[in-house]
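Listed here are the chains, written in short residue letters.
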Amino acid sequence: MNKLISNGKIVGEDNVFVGDILICGDRISKISKDKITDFPADTAIVDATGCYVLPGVIDTHVHFREPGLTHKADMESESRAAAFGGVTSFFDMPNCNPATVTLEALEQKQCLAAEKSHINYAFFLGATTKNTDLFPLIDKRKTPGVKLFMGSSTGNMLVDGDDCLADVFKTAADNGLIVMAHCEDNDIIKEQTKEVKQIYGDDADVALHPVIRNREACKKSSLKAMVLAKEYNTRLHIAHISTKEEAELFTQSAKELNIPVTFEACLPHIIFNDSDYATRGTRIKCNPAVKTEDDRLAIVKAINEGMIATVATDHAPHAIEEKQGGCLKAASGMPMLQFSLVAMLDRFDIQTVSRLMSNNPAKLFSIKDRGFLQEGFKADIAIVRREEKPWTLTEELIQSKCGWSPLTGDTFNWKVVHTFCNGNHILDNGTFNPTAKGEKIEFG
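### Looking at the confidence of the model for the protein chain
Low-confidence regions, as indicated by low pLDDT, have predicted coordinates that should not be scrutinised in detail. Overall, the predicted model of the protein chain reaches an average pLDDT of 96, with 99% of residues at or above 70. The spread of mean pLDDT over the elements of the protein chain runs between helix α7 (residues 244-257), the lowest at 82, and strand β7 (residues 87-92), the highest at 99.

### A short note on the side chain of K3
Within the secondary structure layout, K3 lies in strand β1 (residues 3-11). Buried charge K3 goes without a salt bridge, the closest partner of opposite sign being D42 at 9.2 Å. Engagement of the side chain of K3 in a polar contact is seen with the backbone oxygen of G423, the distance being 2.6 Å. Residue contacts for K3: discarding those within four places in its chain leaves I21, L22, I23, T43, A44, F420, G423, N424 and H425.

### Quick look at the sheet that holds strand β13 (residues 261-266)
Whenever strands of a sheet pair, they do so through backbone hydrogen bonds, lying parallel or antiparallel. Taken together, six strands build an open sheet; the order of strands is β9-β10-β11-β12-β13-β14 and the sheet is parallel. Of all the strands in the sheet, the pair left with one neighbour each is β9 (125-126) and β14 (310-312). Here β9 pairs with strand β10 (residues 146-149) via two bridges, running parallel. Bridged to L125 within β10 is V146.

### Looking at helix α3 (residues 162-174)
The end-to-end C-alpha separation of α3 is 18 Å, in line with the 18 Å expected for 13 residues at 1.5 Å each. Residues of α3 that are buried include every one of L165, A166, V168, F169, T171 and A172, and no others. Its buried side turned inward, α3 meets β10, β11 (179-182), α6 (215-232) and β12 (236-238). The positive-phi residue at the C-terminal boundary of α3 is G176, with phi of around 65°.

### Re the pairing of β11
Strand residues, when the strand is regular, have side chains that alternate between the two faces of the sheet. The two faces of β11 match: V179 and A181 on one face and M180 and H182 on the other face are all buried. Judged from the three bridges that link them, β11 and β12 form a sheet pairing that is parallel. Counted as the bridge partner of M180 is H237 from β12.

Cut-offs applied
Residues numbered from 1 in each chain as written. Predicted model: local features only at pLDDT ≥ 70, side-chain atom pairs only at ≥ 80, totals over all residues. Heavy atoms only, no water. pLDDT = per-residue confidence, 0-100. Helix = DSSP H or I, 4+ residues; strand = E, 2+ residues; numbered from the N terminus. Buried < 20%, exposed > 50% of the residue type's maximum accessible area, 1.4 Å probe, protein only. Lys, Arg positive; Asp, Glu negative; His and termini not counted. Salt bridge = Lys/Arg side-chain N within 4 Å of Asp/Glu carboxyl O. Polar contact = N/O pair within 3.5 Å; in protein donor to acceptor, adjacent residues only side chain to side chain. Contact = heavy atoms within 4.5 Å. Pairing = 2+ DSSP bridges. Expected span 1.5 Å × (residues − 1).

Spelled out as structure tokens, the structure:
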């Protein structure tokens, strides 16, 4: 069925205007500042009066845990949570079980998503010390790039030896692949872990997590990645920056030295600071660690000054029992996907949010026909409304399989009212369409 989104405040790349959007099939057929009256007879009209109409969010950094870890999340549950939050596309990370480090594992994930995902999907190949021979075989039309863990991670995915890192950066550059890097220095983390254990025992308070995974670990590893990117002319996207140094020094250096690098900020480091460990505990434990208020403010400043390319969630659900313990035993990661858009809208102007969460991801990864409200593009659309009174996040609203959020009890001023994915009206005023299926994302 065709749809007409009527009288909404349409958020374009350069302006916001009141108008109509006609969806025919899976694409945007017409956008107009005037009333659209020439539409097919079977068109369903969606009244967007008083609402903002945005391109659907493209979250380029999630962990949906499938295959192998589906007790805490899976593609169905997390893509449903995404749809409730106005997210219409996701890029999934490779550290599941088995890890996505072979072409066969990539294809398995594509098949799982085709069967189970309600929104659009793509998957990174994980770099290891031994799989760069696969880089020339990657189908760049359906794979966003290579995920590189330069800090300790799940399974056989840590790559921190100089020769291996050089091989990853060189081979990626030779084959036109983006390297998305998790940058933390493993030697520093090991040394800090040893010191914390000696002083505080085997599982100190979670507030010491940023002492173990400290700013120097992030700074040193990010700098190493940038040096390699410059040496081999590799397109580098540094994930989830968490320090003032990364937000200021490295972004400036990238401009001055003409290094082919961009930066991602994630919601935990935009929202929280280390004082929140006292009240939220291990629910905000993630890697890299949430650090000081100065770090958080520096990241926000970098966003407002246009130095951050993308904002994602690093959505990483765990069963709540896996979050028990302290800085060493509690699992790292938190579910953030469903409420990421409304959280960002409370902190930044609507065009900045649309640019960081939709336009820029589409540009950076050369996503075909998505990320913008344009005629001929896929109809991936979020409609949001600023509420007259703030609303409170309670657990019964949570769609993620893990059933909890670090934001429970927080209040928000915005709500996602409608979500369209490939023209499907997947969320309609809180009513979800469980039959909707996403599509494989295509890259240009």
